[in-house]
Amino acid sequence: MKNAVTGLGLPPEAALVTFPMDMFLPGSDLAPLRERKHEIYDGLTRWKPRYKQTAGANAMLRVEGADYEDALDKANDLLLTNLWGDGLPVRVPTRSRVDWILRGSPLPRTHVLGKLPSRGALVTVETCAIALAMAGGRPEYLPVLLAAVDAFLDPRSETEHLQPTSGGPIPVVIVNGPIARQIRLNSGFGCLGPDPRRPAGASIGRALRLLQQNVGGALPGNGTMATYGAMRYTNMIFAEDEEGLPEGWDSHAAERHGFSRGTNSISLLFVNGVANIKRCGARKETPEEDALQGMYRMADFMRTPNMSCLSGYENGAPGIMIITRVVARSMASLGWTKSSMREFLWEHSKIPRHLLSRAGGPAWIELESNPVTLASLNLDPWPITAAPENVVLVVAGGEHPTHSYWLQGYCPGVMGRQVAVPECFDELLASADRDLGCGADVCMI
Amino acid sequence: MVSLEFFDPSGTVEVTQRHAPRLSSLEGKRIALLSSEQWQSFRTLPLLKSLLEADFPGVDVLPVDAFPQGQTVIGSESTSSLIKSSGVDAVIIGNAA
């Protein structure tokens, strides 16, 4: 609640009368409301705010220890006790570390990207660098983080709703362009991490999560009511396997955002779950049978009454289907394209009306104000999204044909951003080579 | 002793508007209810209406359906304009909206 009022630019306090969750459930006892009515009356008449203005530069903190290790421990403890950590050790965001990270941005450190919901604190380039420093990041990661944060703050992302919701949405950032390989971002085996040879995704995603929590106020149980909060240590940051795209297949960045091949870009959307799909056949299928059975199996995973995704019914995404380069090559050899795969998945993931009704789906749809979403009530079977183009289909995951991955959407919109790098970017990459060893694709110990 | 100085990572909050002034009393006031239609607001808001009407002489609490209802519409500019033009003294919004 305090996040909500500061997010509106109000002082960080409110006239609050809090009740146990039970009162807000179907068939509940409303006696607590009667018993505490005078507190509500006081809130409307007698309550007065007491606040002080808090805007200004990022403050500095100080700890002392018997030695450096002791000081590091105390700094970590201080960050955690102020609810600014995630439970894992952080790199302390000293001025020198933050200045080093800031080399990765062509923008001034005071440049304001926006206000991060729900708490609504200002996000500057420096604030992002502080989070990236804490997350163990490096300066060459900063351009991707800044682009992701800018997309996150786009009102069409509806993060003001997604940050506090109990549905537990997880930001996913898909990176296209040469920067992915340059900064050691994974597009292959285990691309959702962790990967010591390609550590960029973990740091960038953790930094985004720390911003969501520390700046946006998304603390479990009050700032975010995410019931389970899966994948929230690092969110999901990965690259599309552009080299694995079959001839004639466009990248996600080109298809969804119109960015040309070779453009450094990110695409940000939200999901609320993951499902591994054993896609390949079990015995003696022909290539055609293997492909078709796999497509039906993937569509079956998508066919769910995911009412969290209704806000993106017209223009968002019902989810992200990730297939490996091996599967993409195989499908392409049989004449499939990304477009025809999407069309098939959309058609065969429709939900028969009686099953949608049995699950209470129509009542949720009726709550929506979008006319396209409301009109879908007349469709039987009911498509899980308004159009096949909304299904995000990405190639990533390495040289293996067995599995696909379905990231179920919680996605009002899919936001694309080009990534701006500083003039010294090549120097930063050279430094990374010195610090981390040779590139991830050739470095074998 | 070794000292470490580092940034507070929580950013800064700008206060750009103040809370609405409180009413001197609820007696004789017109009060609007704005419902998200969620979290039992279809029960809690009417109950609040009846409690207010029992406790404060002359209070006029508009029915919950006097304005658009639903989470996606109560925050809209059009609803806000309707509320302002209605001339009510206060608005109670709920639940979890």
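What you see is a predicted model; the values in this text were computed from it and never measured. (Residues numbered from 1 in each chain as written. Chains lettered and ligands numbered in written order. Predicted model: local features only at pLDDT ≥ 70, side-chain atom pairs only at ≥ 80, totals over all residues. Heavy atoms only, no water.)

**Some points on the overall build of chain A**
Across its full length, chain A carries 18 helices and 10 strands. Its C-alpha atoms give chain A a radius of gyration of 24 Å, within 12% of the compact-globule value 22 Å for 445 residues. Expressed along its principal axes, the backbone C-alpha trace of chain A runs to roughly 70 × 65 × 35 Å. By the burial criterion, 55% of the 445 residues in chain A qualify as buried. (Helix = DSSP H or I, 4+ residues; strand = E, 2+ residues; numbered from the N terminus. Rg over C-alpha atoms; globule rule 2.2 N^0.38 Å. Buried < 20%, exposed > 50% of the residue type's maximum accessible area, 1.4 Å probe, protein only.)

**Observations concerning a nonpolar patch on the surface**
A grouping of M21 and L25 of chain A together with W39 of chain B is seen on the molecular surface, where their side chains present a nonpolar patch of about 280 Å² in accessible area. Here M21 of chain A is to be found in the loop between α1 (2–7) and α2 (31–35). Accessibility expressed as a relative area gives 48% for M21 of chain A, which makes it partly exposed. (Patch = residues over 30% accessible without salt bridge, like charges linked within 9 Å, V, L, I, M, F, W, Y side chains within 5 Å. Areas by Shrake-Rupley, 256 points an atom, 1.4 Å probe, with all protein chains shown as cover. Salt bridge = Lys/Arg side-chain N within 4 Å of Asp/Glu carboxyl O.)

**A few points about helix α3 (residues 37–45) of chain A**
For an α-helix, the turn length of 3.6 residues means that residues three or four places apart are oriented alike. Listed as buried for α3 of chain A are K37, I40, Y41, G43, L44 and T45 of chain A. Looking at the buried side of α3 of chain A, the elements it contacts are α2 of chain A together with α1 (41–55) and β4 (90–94) of chain B. (Contact = heavy atoms within 4.5 Å.)

**A closer look at empty space enclosed by the protein**
All names here are of chain A. What the rule picks out here adds up to 1 cavity of 30 Å³ or more. Taken as a whole, the largest cavity encloses approximately 80 Å³ of empty space. Taken together, M302, T304, N306, C309, L310, P318, W382, I384, W406 and Q408 form the lining of the largest cavity. Among the residues making up the lining of the largest cavity, the classes are represented as 7 nonpolar, 3 polar and no charged. (1 Å grid on protein atoms, 1.4 Å probe; cavity = no way out; pocket = protein on both sides within 12 Å on 5 of 7 lines; lining within 4 Å. Points joined across faces, edges and corners; volume = space filled by probe spheres on them. Nonpolar A, V, L, I, M, F, W, Y, C, P; charged D, E, K, R; others polar.)

**Regarding the interface of chain B and chain A**
Contacts between the two partners involve 39 residues from chain B and, on the opposite side, 72 residues from chain A. Between chain B and chain A the total buried area reaches about 5200 Å² when both faces are included, carbon and sulfur atoms providing 65% of it. Three residues stand out in chain B for area buried against chain A, namely L4, F6 and F7 of chain B, and they jointly supply 17% of the buried area on that side. One can count 2 salt bridges joining chain B with chain A. Between D55 of chain B and K37 of chain A there is a salt bridge, with its nearest N and O atoms 2.9 Å apart. For the interface between chain B and chain A, the tally reads 14 residue pairs in polar contact (both at pLDDT 80 or more). Where the side of chain B that touches chain A is concerned, the elements lending two or more residues are β1 (2–7) and α1 of chain B. In terms of residues, the side of chain B that touches chain A owes the most to one element, α1 of chain B, which gives 7 residues. (Buried area = accessible area lost by both parts, 1.4 Å probe. Polar contact = N/O pair within 3.5 Å; in protein donor to acceptor, adjacent residues only side chain to side chain.)

**Some details on the nonpolar core**
Residues and elements named next belong to chain A. L145, V149, I183, I266 and L268 are the most contacted members of the largest nonpolar core, which totals 65 residues. Leaving out residues up to four positions away in the same chain, I183 has contacts with E140, Y141, V144, A200, I204, F425 and L429. L245, F344, L377 and V395 belong to the second-largest nonpolar core, a separate cluster that totals 30 residues. (Core = buried A, V, L, I, M, F, W, Y, C linked by side-chain atoms within 4.5 Å.)

**Brief notes about helix α5 (residues 95–102) of chain A**
All of the buried residues along α5 of chain A are V98, I101 and L102 of chain A. The arc that holds the buried residues of α5 of chain A, viewed along the axis, is 100°, so those residues lie on one side. Where α5 of chain A is buried, its residues touch α6 (125–134) and α7 (142–152) of chain A together with β1 of chain B. (Arc of directions from axis to C-beta.)

**Description of a negative patch on the surface**
Residue and element names in this part refer to chain A. A cluster of like negative charges, contributed by D67, E69, D73 and D77, occupies part of the molecular surface. By the secondary structure assignment, E69 is in helix α4 (residues 68–81). We classify E69 as exposed; its relative accessible area is 58%. (Lys, Arg positive; Asp, Glu negative; His and termini not counted. Charge placed at Lys NZ, Arg CZ, Asp CG, Glu CD.)

**Looking at the packing of aromatic side chains**
Aromatic ring pairs are defined here through the distance separating the ring centres and the angle between the ring planes. Following the criterion strictly, the structure yields 5 aromatic pairs over all chains and no others. For the ring pair Y41 of chain A and F56 of chain B, a centre distance of 4.8 Å and an interplane angle of 75° mean the geometry is edge-to-face. Placement of the pair is Y41 of chain A in helix α3 and F56 of chain B in the loop between α1 and β3 (60–61), with the two residues belonging to separate chains. Here Y41 of chain A and F56 of chain B have matching classes, each one buried. For the pair F152 of chain A and F270 of chain A, a centre-to-centre distance of 5.7 Å together with 55° between the ring planes defines the contact as tilted. Residue F152 of chain A is located in helix α7, and its partner F270 of chain A is located in strand β6 (residues 265–278); the two are separated by 118 residues in the primary sequence. The rings of Y296, W336 and F344 of chain A are connected pair by pair, giving a single aromatic cluster. Sitting over the ring of F19 of chain A, R36 of chain A keeps its end group 5.1 Å from the ring centre. Its end group placed over the ring of W346 of chain A, K350 of chain A keeps NZ or CZ at 4.3 Å from the ring centre. (Phe/Tyr/Trp six-rings, centres within 6.5 Å; stacked < 30°, edge-to-face > 60°. Lys NZ or Arg CZ within 6 Å of the ring centre and 35° of its normal.)

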